Amino acid sequence: MLLRLGIFLGCINLGFLAKAQSDSVVLKPVTVYGLPDEKYLAGGQFYALDSALRTQQESRHLGEILAFQFPVYFRNYGNGMLSGISMRGTSPSHVAVRWNGININSFSLGQADFSILPTIAFDDVKVHAGGGSARFGSGAFGGSVLLSSTGTTTNILSVSQEVGSFGRYFTSLKGSFRVGKFSSSSSLYRVQAKNDFPIPGYGERQPHAAYWQQGFVQHAQYSFSEARRITVDYWFNDSHKEIQPTIGNNNSSDEQDDRNHRVSVFYEQNTTRGLSKIGGGFVDDKIIYNGTLSEIVRWIASASHQYTFKNQWNISGSAEWNHIIGKVKEYGPTAPEEDRVDLAAAVQKTFKKVSASVNLRQPFITHVTAPLLPYIGADVVLFENSAQQWLLSVNGSKNFRAPTFNDRYWQEAGSRDLLPETSYAAEAGLGWRYHTWKINARGFYQHIDQWIQWIPMEQGIYRPRNVNQVRTDGIEAGIEDQINIGMVMLHAKLSYQFTQAITLETDDSDAAAVGKQLIYTPIHTGSGTASAVYKTWSANVYLQYSGKRFTESSNSSVYALDPFVLTDLSLNKSWTQNQHDFTLSFQVKNLFDKTYQLYAGRAMPGRNFNLKISYHLNRKKQ
Amino acid sequence: MNIQYKTDSSGKPSFFNVTRNMRRIFAVLFVAATLWACNDDDDKPQGKYEHGAFVLNEGKFMTGTGTITYYNEQADTLQQNIFRNAAGQYAGDVVQSMIFHDDKAYIVVNGNNKVEIANAETFERLGSITDDQIIQPRYMEVVDNKGYLTVQGPYDDNYNLVDSYVLVIDLTNNTVIKKIATDEGIENIVYAGNKLFVGASGYASIHTVAVIDPSNNTLIDNIELDGVPVGMVVDNNNKLWVLANDDANAKLYRINPSSFEKEQTIDLGTSVDTDLAITPDKSGLIYSAFGSFYKISTAATTAPTAPLFTPEGIEAQYGMNVDPDNGEIWIGDAINYATEGKVYIYTSDGKLKKTFTAGISPTNFVFR
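Reading guide: rules and limits
Counting restarts for each chain, with residues numbered from 1 along the sequence as it is written. For this description, chains carry letters from A and ligands carry numbers from 1, given in the order in which they are written. This being a predicted model, a pLDDT of at least 70 is required before a residue's local features are given, and a value of 80 or more before pairs of side-chain atoms are given or counted; all residues contribute to the totals for chains, interfaces and linings. Strands are runs of DSSP state E lasting at least 2 residues, helices are runs of H or I lasting at least 4, and numbering of each runs from the N terminus. Three exposure classes are used, all based on how many other C-beta atoms lie within 10 Å of a residue's own C-beta (placed from the backbone): buried at 20 or more, exposed at 12 or fewer, and partly exposed between those limits. C-alpha atoms define the radius of gyration, and 2.2 Å times the number of residues to the power 0.38 defines the globule rule. Note that contacts rest on C-beta atoms placed from the backbone: two residues are in contact if these are within 7 Å. Strand pairing is defined by DSSP finding a minimum of two bridges between the two strands. Each residue gets one of three labels, nonpolar for Ala, Val, Leu, Ile, Met, Phe, Trp, Tyr, Cys and Pro, charged for Asp, Glu, Lys and Arg, and polar for the others, Gly among them. All axes here are fitted lines through C-alpha atoms, helices being fitted over the stretch that makes contact, and every angle between N-to-C directions spans 0 to 180 degrees. We define the nonpolar core as any set of buried residues of the types Ala, Val, Leu, Ile, Met, Phe, Trp, Tyr and Cys, connected via C-beta atoms lying within 7 Å of each other. Values of pLDDT, which run from 0 to 100, indicate the predictor's confidence residue by residue.

**What to know about the overall build of chain B**
Working step 1: In terms of regular secondary structure, chain B is built from one helix and 27 strands.
Working step 2: Sorting the 368 residues of chain B into buried and exposed places 50% on the buried side.

Rendered as structure tokens:
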């Protein structure tokens, strides 16, 4: 393969990354006359993916690693297969996934397949939990996953190679340069796996689950001045999977290819008059299932402006237009086209001990009446001194999800009269920081109405209908500390979520679901990480817990999936000489060889191993 | 969704008849045994499946949750999920049909492309029949210790079946010994008058019943019908009855299993559901249309005008058969194909007798 260079070289470790960022010459620190999403969503809960985990497991897809970090659940249809996120009791289509500000959920299915979101493609991964449609648009009920690959790399070159169990190989190459006002960073990656792991407790190897995935990420920018620049981002991801069948299946032959092109071009102006962005994008999502192509093409144009008044009022306004074309055989000979326009405004103000914000969004969609979407939230410092801080966070929002193209245009099933799903969400949390300890707890509530479900009608034909009403509520809590014992730096983080997701109303055909927990929604979810760094050595332990999950709507225990705890271990050593960094990383996944399933009938591997070697050429310190 | 049990084609006392006599003895023994052992653990297989009804539940598609439910009418005991495949949890993905032969149960698991073999007494797993040619298997019939498995074969890119066939399996070593090509979309297979009859019900354009001679394992005829064959049974005169569905006018054909002639055609004047069953004395046929159940004598020449009964509360009728002991009509309700289904038992004169919860999508009933 392209990148199989027989490389035995190093990668960035947590420590190096922190150091490297301060050495950055690609992106000089400049005053940005705008605020990040966190500020505009005051009172909201944001999580950031740990950079050590991101780096060590960059060859994994996001659906394999996020559940080790936040209380989320992934229904993975096998190892390396289709992966749907579930946050705060909602379904995979109730999480908005955005890449560089563009929604990349499938417009045909509604959900994002996390198995085609390889971690290597992103420089930053953030998760906003809870209702956020007023900022992130359609589908942000359970939360939003915010990805960016805007080239924050500080390395001239980095190369990495992994070898793992079950015929798994991963190769990546990253490079960046700057010539005058032009700078560029690029990544190339490829992963492939035979994936013929022994099915735990079955005595046979998993047949028909091989996959490969490769891609290219390009970020380029031309800075006319400190304040004005043009950026171009391009991401191509190409994935091929033999679809892993249910345990015991023989002679399986289904295959799927996913090919996604995503481009965005923006002009940015960052002056005392505010931060303006104007630009557009193009998204082409192809799914080729057993040779049949389904394609959704999207053209995007957007403009936004942020301004800070002297008295510290921040305002922002934006407009975004999407033109969507659904070239799917099942939609009929004429590809349906749809326009979606979103107008949004936000205000943020920091008072003495209070940061408060209000967001408003009004979407306009062809033949769909979308509601006005407000978000209001605040962070209040209740008490603060040099040793500790108590922070109260509250927010409330109205959210919506537009019916998908499948819902609306599937011939002889879809309905153009479907209403959008809507929800009201509210949450309140308390955070306590005491020296290095961080403890927080948060209660959340959401009421979702007009939830679209495909229900069997006459002759077993399924049709989408606005039938479900669902209430989700729960508590999430986290604790984190960091201490130094001699030369050893220890860091530990635990999180837990209690989630109830109860069907209040549904179609008569599913009457047994009323009052019951939604399927694939664990009541108890937990995650934990612990790391120790000693000089150039580091060790990490990652834990993921999921309680019992029902797979059948009346919550029959016959079909429930058993609870499990997964443990991953990583040992890392790095060497640095002048501009050269080497890292060797050894990982054990599923250390205790647990048998578990994330989706009914799909096997997951037992204990397995991975070795990673990487090399970085860093820029000279200035 | 139809079911075949071993038919008594030769008139001699067959395996089937012997067990039928024996089952009464077992029933008495079983009742006695349950009285003694009334505090048995319900979860454990009781190892006594000699007599009773087996509900085949497809399970939720593509999740491997197909199960077999056992109901013993005399003892009124219900056991879910009695057979576990090698993975140890359920029977497999899309449990389609089952046939008893000798001391074994052969379970056709459509989604897994396998035939699982269980001990017929204990339902412990004995092994499975696998072969590269087993792709979407549907039903099996046994003649002379050879299994005849109907196989729909793979789909092409447009989800059309392109290569359906019957596989002949030597049950002494569970290997495929021959492939007999047929029309596309074959389903049911019935043994009558020394021949095997295979209904091709996949597509509206194919309206045939294939005839296979098991003495030399060749296809010897295709009987053309005016409608898609969806159910087949053998009556007390050893005649084959085929229910052929059609949008407006389904038909019942009586076919001579030696000459393959259509001796009688009855217009039903409606489209029907995909099951045909026969009463215990094999002189009456049971079918359903639009949620109503009809009984027609094998001597009749016209369709019945009034239904025998119309059940209430069924969301998605998915399987039907008649208990050969007492003529009771069993109906499977898949509800929404994703939740635990229900079984309705109606007496032979159409009164609701019992309902119980089965597995997901109950598609077939096998009695013994």
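**Examining the overall build of chain A**
Working step 1: Helices and strands together make up the secondary structure of chain A, namely six helices and 29 strands.
Working step 2: By the compact-globule yardstick of 25 Å for 622 residues, chain A fits well, its C-alpha radius of gyration being 24 Å.
Working step 3: Based on the C-alpha atoms only, the size of chain A along its principal axes is roughly 70 × 65 × 50 Å.
Working step 4: In chain A, buried positions account for 47% of the 622 residues.
Working step 5: Sequence separation of 24 or more characterises 64% of the internal contacts of chain A that already satisfy a separation of 6 or more.

**What about the pairing of strand S17 (residues 240-245) of chain B?**
All names here are of chain B.
Working step 1: Most of S17 sits out of view: six of its six residues are buried.
Working step 2: Residue alternation in S17 divides its side chains into two sets, Leu240, Val242 and Ala244 and Trp241, Leu243 and Asn245, and both sets are buried.
Working step 3: Bridge count between strand S16 (residues 228-234) and S17: six bridges; the pairing is antiparallel. Each residue of the ladder has a partner; that of Val228, found in S17, is Asn245.
Working step 4: Strand direction decides the pairing type here: S17 and strand S18 (residues 251-255), joined by five bridges, are antiparallel.

**Quick look at the interface of chain A and chain B**
Working step 1: At the interface, 28 residues of chain A touch 32 residues of chain B.
Working step 2: Of the residues in the side of chain A that touches chain B, the class split is eight nonpolar, 18 polar and two charged.

**Looking at the pairing of strand S10 (residues 165-170) of chain B**
Residues and elements named next belong to chain B.
Working step 1: The element S10 is largely enclosed, with a buried count of five among its six residues.
Working step 2: Pairing analysis gives six bridges linking strand S9 (residues 146-151) to S10, with the strands arranged antiparallel. When the sheet's bridge partners are listed, Gly147 is paired in S10 with Ile169.
Working step 3: Where S10 folds back on strand S11 (residues 175-181), the antiparallel hairpin that results is connected by four residues, among which Asn174 adopts a positive phi of roughly 55°.

**Comments concerning the sheet that holds strand S20 (residues 276-278) of chain B**
Residues and elements named next belong to chain B.
Working step 1: With antiparallel pairing, three strands are arranged side by side in an open sheet as S20-S21-S22. Pairing within the sheet leaves two strands with one partner each, and these edge strands are S20 and strand S22 (292-297). Each neighbouring strand pair of the sheet contributes to a mean axis angle of 25°, computed without reference to strand direction.
Working step 2: Sheet topology places S20 next to strand S21 (residues 284-289); three bridges connect them, and they run antiparallel. Bridging across to S21, Leu276 finds its partner in Tyr287.

**Quick look at the environment of Gly153(B)**
Residue and element names in this part refer to chain B.
Working step 1: Along the chain, the position of Gly153 falls in the loop between S9 and S10.
Working step 2: The spacing of Gly153 and Asp163 is ten residues in sequence and 5.4 Å in space, taken between C-alpha atoms.
Working step 3: Gly153 has contacts with Ile135, Gln136, Leu161, Val162, Asp163, Ser164 and Tyr165, leaving out every residue within four places of it along the chain.

**As for the sheet that holds S17(B)**
Residue and element names in this part refer to chain B.
Working step 1: The strand order across the open sheet formed by four strands is S16-S17-S18-S19, and the pairing between neighbours is antiparallel. The outermost strands of the open sheet, each flanked by one partner alone, are S16 and strand S19 (262-267). Strand-to-strand, the axes of this sheet are offset by a mean angle of 20°, without reference to chain direction.

**Some points on unusual backbone geometry**
Working step 1: Even without glycine at this site, Gln450(A) takes up a positive phi of about 60°.
Working step 2: By secondary structure assignment, the location of Gln450(A) is in strand S22 (residues 437-456).
Working step 3: Accessibility expressed as a C-beta count within 10 Å gives 18 for Gln450(A), which makes it partly exposed.
Working step 4: The phi dihedral of Asp76(B) falls on the positive side, at around 55°, and the residue is not glycine.
Working step 5: Relative to the helices and strands, Asp76(B) resides in the loop between strand S2 (67-72) and strand S3 (77-79).
Working step 6: Residue class for Asp76(B) comes out exposed when judged on the 10 C-beta atoms lying within 10 Å of it.

**What about the environment of Phe367(B)?**
Working step 1: The topology assignment puts Phe367(B) in strand S27 (residues 362-367).
Working step 2: Distance in space between the C-alpha atoms of Phe367(B) and Val115(B) is 19 Å, their sequence separation being 252 residues.

**What to know about the nonpolar core**
Working step 1: In terms of nonpolar packing, the biggest core is built from 90 residues, with Ile107(B), Val198(B) and Val242(B) touching the most fellow members.
Working step 2: In this structure Ile107(B) touches Phe83(B), Ala91(B), Val95(B), Met98(B), Val115(B), Glu116(B) and Ala118(B), once residues within four positions along its chain are discounted.
Working step 3: Leu53(A), Trp99(A), Val145(A) and Ile247(A) belong to the second-largest nonpolar core, a separate cluster that totals 69 residues.

**Quick look at the environment of Glu242(A)**
Working step 1: Its location among the elements puts Glu242(A) in strand S12 (residues 228-242).
Working step 2: Separated by 134 residues in the primary sequence, Glu242(A) and Ile376(A) have C-alpha atoms spaced 46 Å apart.

**Here's the deal with the confidence of the model for chain A**
Working step 1: Averaged over chain A, the pLDDT score is 92; the fraction of residues at 70 or greater is 94%.
Working step 2: Contacts for the low-pLDDT stretch residues 1-27 of chain A, under 50 throughout, to residues beyond four places or in other chains number 68 contacts.

**What to know about the confidence of the model for chain B**
Fine structural detail should not be taken from predicted coordinates in areas where pLDDT scores are low.
Residue and element names in this part refer to chain B.
Working step 1: The predicted model of chain B averages 88 in pLDDT, with 86% of residues at 70 or higher.
Working step 2: Contacts for the low-pLDDT stretch residues 1-46, under 50 throughout, to residues beyond four places or in other chains number 62 contacts.
Working step 3: Under the prediction, the complex receives an ipTM of 0.86, its pTM being 0.89.

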